[in-house]
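Here is what each chain is made of, one letter per residue.
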Amino acid sequence: MELLRASIITIGDELLIGQVIDTNSAWMAQQLNLVGITVSRRVAVGDEWNAIWSALDEELEKSDIILLTGGLGPTADDITKPLLCEYFGGKLVNDPKVLAHVTFLFEKVLKRPMIERNIRQADVPDVCTVLHNRNGTAPGMWFEKNNKIVASLPGVPHEMKGLMSDEVIPRLLQHFQPPVIVHRTLLTAGIGESFLAERINAFETSLPAFIKLAYLPNYGMVRLRLSASGFDKETIEKIMEEQFTLLQEQVADVLVTNKDESMDQVVARMLLDRGETLGTAESCTGGYIAQLLTSVAGSSRYYLGSIISYDNQVKKDLLNVPYTTLESVGAVSEDTVIQMVKGALAALKTDYVIATSGIMGPDGGSPEKPVGTVWVAVGNQDEIITQQFHFRFDRRRNIELTATNAFNLLRKFIISRGMEKTNSH
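**Some details on the packing of aromatic side chains**
- If you walk through the whole model with that rule in mind, you get six aromatic pairs.
- Measuring from centroid to centroid gives 6.1 Å for Tyr 352 and Phe 413, while their planes differ by 90 degrees, and the two rings are edge-to-face. One end of the pair, Tyr 352, is in strand S15 (residues 352-358); the other, Phe 413, is in helix H16 (residues 395-424), and 61 residues separate them in sequence.
- Among the aromatic residues, those joined into a cluster by ring pairs are Trp 49, Trp 53, Tyr 87, Phe 88 and Phe 143.

Okay, structure coming up:
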């Protein structure tokens, strides 16, 4: 089976120096993969004529589809449009539909006068198909050569996404007949990648040739993804479901979810299913757990609020952590996080609370409590459980690890409480 291959070229000096993180190519790759197009290469180049030209030459040798983002603005360093015009042997012409759209945006939406630079945004190579950019002034461009496609899109993320969804993906599906690609993903916790690989080695070696297994470790969890591709959708999906069921049986004791979702999404779904609520009392995570929860629309149905008790005085005044506890065992202690849970339950009136306190680094550690020492507590009115962690990374990753493990501790707590209720009946 011949795979349909794509390359993504991102253009901009800001990407090469790290001033801007390239999220465009990751999103584009996801969208292409969903429709059966394999991204074989992702390349970043600066705002330099020869670099862009060479990248086009190289990728057209390897791929059927080349997607470019960036370099389509009105300033001097935006050279993608004239370069593509020369590359494909055309000349720039002013497109009346694009000009009308740009004029509308400036006069009616932005309410600003048009200048010559803005008018030139409507210039496009006469050898391309113009892709309408409903979200901005720079049109996309579609070129065809030797049954290969080159599409150029703006680097502004929401403009690129609109063009990908409205124009590029539908046109690619019309032009090519990509194979079906099916993914099934599960998440495990409590087992390392090497031990997991050893456990499921026999399963992996027995997989049909068209199904591949990928290990995706992150923050103490390991995601397992099965991927299959082919043209017989019904057969592929049937065999994939059979293999995915076998995989779940192999890892049943460490399985967190059989969906492609994060740990906070797992907890959110559990709370929604039960009609229960969560609050947080955060010290070392500084509101990061609350941010993860509230980044999802509809989270007010299960998440009520947080007390970010970064300073000890806040722990005493708002969470009623006793002064004697803070003096005797310190803020980073089991006793403190237990009291934080109790105080937050009383203040927030939620079914559950997560509390965190730790030393994220790079400073603040001691021989007794080195950097990376974290206490997490979760509980309800009936019971509170705790766990101590020792992380060894930088400040940001320690915070992220704390959040993920706090969610996992709550997940296990909710499951255990559910089992107790079932057993009591």
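**Considerations on the sheet that holds strand S12 (residues 255-257)**
- If you trace the four strands from one edge of the open sheet to the other, you get S10-S11-S9-S12, paired in antiparallel fashion. Of all the strands in the sheet, the pair left with one neighbour each is strand S10 (211-218) and S12. Averaged over all pairs of adjacent strands, the angle between their axes in this sheet comes to 30 degrees, without regard to strand direction.
- Relative to strand S11 (residues 221-230), S10 is paired through eight bridges, and the arrangement is antiparallel. Each residue of the ladder has a partner; that of Pro 217, found in S11, is Val 222.
- Sheet strands touched by helix H11 (residues 263-274): strand S9 (180-189), S11 and S12. Its angle to S12, the strand with the most contacts, is close to 70 degrees.

**Overview of the pattern of salt bridges**
- Tallied over the entire structure, the rule returns twelve salt bridges.
- With its nearest N and O atoms 2.9 Å apart, the salt bridge here joins Glu 59 to Arg 41. Here Arg 41 lies in strand S2 (residues 38-45) and Glu 59 lies in helix H3 (residues 49-62), a separation of 18 residues in the sequence.
- Taking relative accessible area as the criterion, Glu 59 reaches 1% and is therefore assigned buried.
- Between Arg 171 and Glu 167 there is a salt bridge; the shortest N-O distance is 3.1 Å. Separated by four residues within a single helix, Arg 171 and Glu 167 lie in helix H7 (residues 157-175), roughly one turn from each other.
- Exposure remark for Arg 171: the relative accessible area of 27% places this residue in the partly exposed category.
- Residue classification places Glu 167 among the buried residues on the basis of a relative accessible area of 15%.
- Each of Asp 382, Glu 383 and Arg 417 takes part in salt bridges that share partners, so that together they form one network.

Rules and cut-offs
Residues numbered from 1 in each chain as written. Predicted model: local features only at pLDDT ≥ 70, side-chain atom pairs only at ≥ 80, totals over all residues. Heavy atoms only, no water. Phe/Tyr/Trp six-rings, centres within 6.5 Å; stacked < 30°, edge-to-face > 60°. Helix = DSSP H or I, 4+ residues; strand = E, 2+ residues; numbered from the N terminus. Pairing = 2+ DSSP bridges. Axes fitted to C-alpha atoms, helices over the stretch in contact; angles between N-to-C directions. Contact = heavy atoms within 4.5 Å. Salt bridge = Lys/Arg side-chain N within 4 Å of Asp/Glu carboxyl O. Buried < 20%, exposed > 50% of the residue type's maximum accessible area, 1.4 Å probe, protein only.

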